[in-house]
Amino acid sequence: MNTDPESLNDLIEAAVFERGAITHLETLERKVQRRKLWLRTAIAVAASLIVFSGVGLKLGSDARKVGYAFDPVSGQKGGSQITALMQEREIDQAQDAIVAARQKLSLELANPSSSDPEYMVQLDVDRQELDLLEAVCALRKGQYFRARRLLKAIAAGGGAFAPEASSLLEQL
Amino acid sequence: MAAKDYINRLIDGDRRAFDEIYRAYKSVFIGVIRKAYPIGAEQALDLYHRALAALYNNVRTGRIGRDGLPDEKLQAYIINTGKWMSLNDYRKRQTPLTFDTDYVMRYDAVVDEESDFEKNEKLAVIRSAVKEMKMPCSKLLYLAIYYEKSHEEIASIMHYSNARTVTTQRSRCTQKLIGFLRKRFKELGYEY
């Protein structure tokens, strides 16, 4: 190898050029990898969104079907303005009425107008009925997971409406 | 795009052609090299970078001219260069910084080549010294030599007061590098 001063300069220049080219390509490769990673992540996120929204739509649709197939009057232990609203498919209003009825019931349970044990049992049944109607409203609004959670609690509670809740859960 | 266009564009100073070559032959190069040698993907990628750097160096120094590398031969050229480099790595030899196209295209010649110990050692020292260069010399020399920036442009990029300062600094960096190389050659027992 000739390393006289002139030739050494050429060699240095070629070596710097080589190192510069390699550094440039390494940077380019990192960019390519970053772009690939970004693209893969974007595709994965988009695919997940499509799957989740598809699954969400399907579950919501199933919940609505089950909710509307259930007749709230069939298991009714007492008369209710709420069931009337549900039959008229006024679900938002029915939910408002459930909230109002719960508040009224809470006040009555805290300070009962009668100490008759049968009256207290009736109040508890009314509460359980409100729980079921709330779950059915959730079903009719397509709120699959919320409805399922409420129905599971009712079924596990073993109260007056546990059979209805279990039956609805089976249909979901 | 035809390979001849890539080479012609590189000769004409179109640096994007280098990136395009990189993307065009990467998969096939890594596939062929990994099939031929028991090396990992990272090592194959490193060989690809070095093979393309050699290609560009040969274009820059005029060893590959406008009609020096026929269209259909570019892929074979890059792959043969990679194979040669891999063989040299295995034999613990340095691949020259620039080389003739005919030589690398005749793979049998590469396999049977004689080894020059002094040449290898000196080249290893030069490569290592350039790789280990510190700032600001590394950046300045890359900008001047690889990116072919004018001294005015370098002054602007590296916040030097003017082009004259860049000229002085460049000369200092080169002299520093030459001084280091002379010292190392002497330590290894070679004449300058």
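Residues numbered from 1 in each chain as written. Chains lettered and ligands numbered in written order. Predicted model: local features only at pLDDT ≥ 70, side-chain atom pairs only at ≥ 80, totals over all residues.

1. Some points on the overall build of chain A
On a plain count of helices and strands, chain A comes out with six helices and zero strands. Listing the helices and strands of chain A from first to last along the sequence gives α-α-α-α-α-α. In chain A, the share of contacts with a sequence separation of at least 24, taken over all contacts with a separation of at least 6, comes to 57%. (Helix = DSSP H or I, 4+ residues; strand = E, 2+ residues; numbered from the N terminus. Contact = placed C-beta atoms within 7 Å.)

2. As for the overall build of chain B
On a plain count of helices and strands, chain B comes out with 10 helices and zero strands. Secondary structure elements of chain B, listed N to C terminal, follow the sequence α-α-α-α-α-α-α-α-α-α. Long-range contacts, defined here as pairs at least 24 residues apart, represent 62% of the contacts in chain B between residues at least 6 apart.

3. Digging into the packing of helix α2 (residues 16-36) of chain B against helix α4 (residues 74-90) of chain B
All names here are of chain B. The contact between α2 and α4 brings their axes to 10 Å, and the two run at 40°. By the angle between their axes, α2 is oblique relative to α4. Here the hand of the crossing between α2 and α4 comes out right-handed. Here Y25, V28, F29, V32, I33 and A36 of α2 come into contact with α4, specifically with Q75, I78, I79, G82, K83 and S86. Partitioning the contact of α2 with α4 into residue classes produces eight nonpolar, three polar and one charged. (Axes fitted to C-alpha atoms, helices over the stretch in contact; angles between N-to-C directions. Parallel < 35°, antiparallel > 145°, perpendicular 65-115°, else oblique. Left-handed = near helix turned anticlockwise from the far one by under 90°. Nonpolar A, V, L, I, M, F, W, Y, C, P; charged D, E, K, R; others polar.)

4. What to know about the interface of chain B and chain A
The accessible area lost on association of the parts is a frequent measure of interface size. Contacts between the two partners involve 32 residues from chain B and, on the opposite side, 20 residues from chain A. At the level of secondary structure, the elements contributing two or more residues to the side of chain B that touches chain A comprise α2, α3 (41-60), α7 (117-131), α8 (137-146) and α10 (163-187) of chain B. Among the residues making up the side of chain B that touches chain A, the classes are represented as 19 nonpolar, five polar and eight charged.

5. Some thoughts on the confidence of the model for chain A
Model confidence for chain A is summarised by a mean pLDDT of 85, while 92% of its residues fall at 70 or above. For chain A, the element scoring lowest by mean pLDDT is helix α2 (residues 81-87) of chain A, at 83; helix α5 (residues 144-157) of chain A scores highest, at 91. (pLDDT = per-residue confidence, 0-100.)

6. Digging into the confidence of the model for chain B
Predicted coordinates in areas of low pLDDT are best not read in detail. Here chain B averages 87 in pLDDT, and 92% of its residues register 70 or above. Model confidence for the complex is summarised by a pTM of 0.65, with the ipTM given as 0.89.

7. Considerations on the nonpolar core
Residues A:V16, B:L52 and B:I78 are the most contacted members of the largest nonpolar core, which totals 54 residues. Contributing elements (two or more residues each) for this core: α1 (5-69) of chain A together with α1 (3-11), α2, α3, α4, α7, α8 and α10 of chain B. Looking at which element gives the most residues to this core, the answer is α3(B), with 10 residues. The residues that make up this core include at least three from each of domain 1 (3-111) and domain 2 (117-187) of chain B. Look past the residues within four positions of B:L52 in its chain and what remains in contact with it is A:A21, A:L25, B:I21, B:Y22 and B:I78. (Core = buried A, V, L, I, M, F, W, Y, C linked by C-beta atoms within 7 Å. Buried ≥ 20, exposed ≤ 12 C-beta atoms within 10 Å, placed from the backbone. Domains from an automatic or database assignment.)

8. Description of the environment of B:K122
All names here are of chain B. Here K122 shows up in helix α7. A residue is classified by how many C-beta atoms lie within 10 Å of it, and K122, with 22 of them, is buried. Spatially, the C-alpha atom of K122 lies 10.0 Å from that of R182, the residues being 60 residues apart in sequence.

9. Considerations on α10(B)
Note on helix geometry: an α-helix contains 3.6 residues per turn, so any two residues three or four positions apart are oriented the same way. Residue and element names in this part refer to chain B. Here α10 spans 36 Å end to end across 25 residues, near enough to the 36 Å set by a 1.5 Å rise per residue. Along α10, the residues that are buried comprise V166, Q169, C173, L177 and L181. Backbone geometry just after α10 places G189 at a positive phi near 90°. (Expected span 1.5 Å × (residues − 1).)

10. Looking at the packing of α8(B) against α10(B)
Residues and elements named next belong to chain B. Running from N to C, α8 and α10 point in directions that differ by 110°, and their axes come no closer than 10 Å. Between α8 and α10, the angle is such that the two are roughly perpendicular. Of the residues in α10, those touching α8 at C137, L140, L141 and A144 are Q169, R170, C173 and K176. When the residues that make up the contact of α8 with α10 are grouped by side-chain class, the tally is five nonpolar, one polar and two charged.

11. Let's talk about unusual backbone geometry
Along the chain, B:M135 connects to B:P136 via a cis peptide bond; the corresponding omega equals 0°. Relative to the assigned elements, B:P136 resides in the loop between α7 and α8. Not every positive phi belongs to a glycine, and A:R89 is a case in point at roughly 65°. For A:R89, the position within the fold is in the loop between α2 and α3 (91-110). Exposure remark for A:R89: the 10 C-beta atoms within 10 Å place this residue in the exposed category. Non-glycine residue B:H159 carries a positive phi angle of around 60°. Along the chain, the position of B:H159 falls in the loop between α9 (151-157) and α10.

12. Topic: helix α6 (residues 162-171) of chain A
Within α6(A), burial applies to A:E164, A:A165 and A:L168. For α6(A), the angular spread of the buried residues around the axis is 100°, confining them to a single face. (Arc of directions from axis to C-beta.)

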